[in-house]
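Residue strings, one per chain:
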Amino acid sequence: MTLTLTGWMLYSMLLVLGFMGLSFLLGLYKALKAGSFSSTLILTYLQDMLFYVFPLFLISNMMSLDPTGFVLLIAYYVGALGLVLKYLANFKK
């Protein structure tokens, strides 16, 4: 089974991972500035990778099972958009 991120799917995954990385760096900066760094910061982002990004990879690998060709594609883009909005909301806090 190979990873089949093509076209806009690749760009949306890069956008999701970019916002995750930006959020991590911002949280790391705030934690180091406050002097309250702990391992929960890193574990939170590892958990986000498992709970949010891994299912997107699973959806992209199941694209060959979709006879219509757009149901799983829509699910992928809705999931990616939801993640981007989640991290944008975290930036606002």
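The rules behind the values
- Residues numbered from 1 in each chain as written.
- Predicted model: local features only at pLDDT ≥ 70, side-chain atom pairs only at ≥ 80, totals over all residues.
- Heavy atoms only, no water.
- Phe/Tyr/Trp six-rings, centres within 6.5 Å; stacked < 30°, edge-to-face > 60°.
- Helix = DSSP H or I, 4+ residues; strand = E, 2+ residues; numbered from the N terminus.
- Buried < 20%, exposed > 50% of the residue type's maximum accessible area, 1.4 Å probe, protein only.
- Expected span 1.5 Å × (residues − 1).
- Bend = angle between axes of the 7 residues up to and from the residue.

Caption draft 1: Structural context of the packing of aromatic side chains. Counted by the stated rule, this structure contains four aromatic pairs. Between the aromatic rings of W8 and Y11, the centroid separation amounts to 5.6 Å while the plane-to-plane angle is 70°, which identifies the pairing as edge-to-face. Taken together, the positions of W8 and Y11, both in helix α1 (residues 8-34) and three residues apart, correspond to about one turn of that helix. No difference in accessibility class separates W8 from Y11, as the two residues are exposed. Summarising the aromatic geometry, the rings of F19 and F91 are spaced 6.1 Å apart at their centres and angled 40° between planes, so their arrangement reads as tilted. With F19 in helix α1 and F91 in helix α3 (residues 71-92), this pair connects stretches of sequence that are 72 residues apart.

Caption draft 2: Representation of helix α2 (residues 40-61). For α2, built from 22 residues, the straight-helix expectation of 32 Å at 1.5 Å per residue is met to within 8% by its first-to-last C-alpha distance of 30 Å. At V53, α2 shows its largest bend, some 35°, and a proline, P55, comes one to four positions later. The complete set of buried residues in α2 reads L41, Y45, D48, V53, L56, I59, S60 and N61.

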